[in-house]
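Chain by chain, the residues run as shown.
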Amino acid sequence: MSELLGALFKRRSDVDSSGQVWESQPAKSCADASHLDALDFTAPAVTQWLQQLEKSPEEDMLQEALAEELAERGSHGPSHAPNAAVEVGAARLQQLAEAVQEARKHLKADLLAQAASREELERREAELQEREKAVDRQQEHQRLQEQARRDYPQPEWMDSIEDTLNVGVVGNSGVG
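The structure presented is a predicted model; accordingly, all values stated were derived computationally and were not measured.

**Re the overall build of the protein**
Then comes step 1: Across its full length, the protein holds four helices and zero strands.
Then comes step 2: Order of helices (α) and strands (β) in the protein, N terminus to C terminus: α-α-α-α.
Then comes step 3: Approximately 17,500 Å² of the protein is accessible, and the part contributed by carbon and sulfur atoms is 54%.

**Observations concerning the pattern of salt bridges**
Then comes step 1: In the structure shown here, the tally under the stated rule is seven salt bridges.
Then comes step 2: The partner of Asp16 in a salt bridge is Arg12, and the shortest N-O contact between them spans 3.9 Å. In this pair, Asp16 and Arg12 both sit in helix α1 (residues 2-18), four residues apart, roughly one turn of the helix. Exposure class is identical for Asp16 and Arg12. Each is exposed.
Then comes step 3: Across the pair Arg123 and Glu120 runs a salt bridge, and its minimum N-O distance is 2.4 Å. Taken together, the residues span about one helical turn, with Arg123 and Glu120 both in helix α4 (residues 90-151) at a distance of three residues.
Then comes step 4: On the accessibility criterion, Arg123 (43% relative accessible area) is partly exposed.
Then comes step 5: In this structure Glu120 comes out as partly exposed when scored by relative accessible area, which is 28%.

**What to know about the confidence of the model for the protein**
Then comes step 1: Looking at the protein, the pLDDT average stands at 78 and 81% of residues meet or exceed 70.
Then comes step 2: The least confident element of the protein, judged by mean pLDDT, is helix α3 (residues 61-73) at 76; the most confident is α4 at 88.

**Considerations on α1**
Then comes step 1: With 17 residues, α1 should cover 24 Å at 1.5 Å per step; its first-to-last C-alpha distance of 24 Å lies within 8% of that length.
Then comes step 2: Among the 17 residues of α1, zero are classified as buried, and the element is accordingly described as predominantly exposed.

Reading the values: rules and limits
Residues numbered from 1 in each chain as written. Predicted model: local features only at pLDDT ≥ 70, side-chain atom pairs only at ≥ 80, totals over all residues. Heavy atoms only, no water. Helix = DSSP H or I, 4+ residues; strand = E, 2+ residues; numbered from the N terminus. Areas by Shrake-Rupley, 256 points an atom, 1.4 Å probe, with all protein chains shown as cover. Salt bridge = Lys/Arg side-chain N within 4 Å of Asp/Glu carboxyl O. Buried < 20%, exposed > 50% of the residue type's maximum accessible area, 1.4 Å probe, protein only. pLDDT = per-residue confidence, 0-100. Expected span 1.5 Å × (residues − 1).

Right, here's the structure in full:
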């Protein structure tokens, strides 16, 4: 532990000996703009300032340039300035609310129609699946019938096998 403390104290003394110290109360400087305290920085708006200028007989380029710039901007101000909030009249707000309500009604009606058509589509799909199952059952029945005809052909002595039933009697000798 003492070795650690010794190393820390040595490091602190190295930093203290080679470090720089700055004053906490610097000398007066002209860079802090304190010499401008006596100036008044309030000025009228540009339009008021232009109106205060006297009309001069000679051409004033600055006045004309500022007037043109203000005319181009209009009442909106500079293009980089945020737009002022525009008040919307109650009638316009009511129209917008009614338009939104009407759009919601149309959307709801469209959704209901779509749901009805979806239900109809699902019903048709179920009916189609049932028909496909019936076709599959009929095909299987026909396949089994054909297999039975191949496996058990009609005997030559039998005129027709349609609507006939073979009966076999089994039991002890002499039963049949």
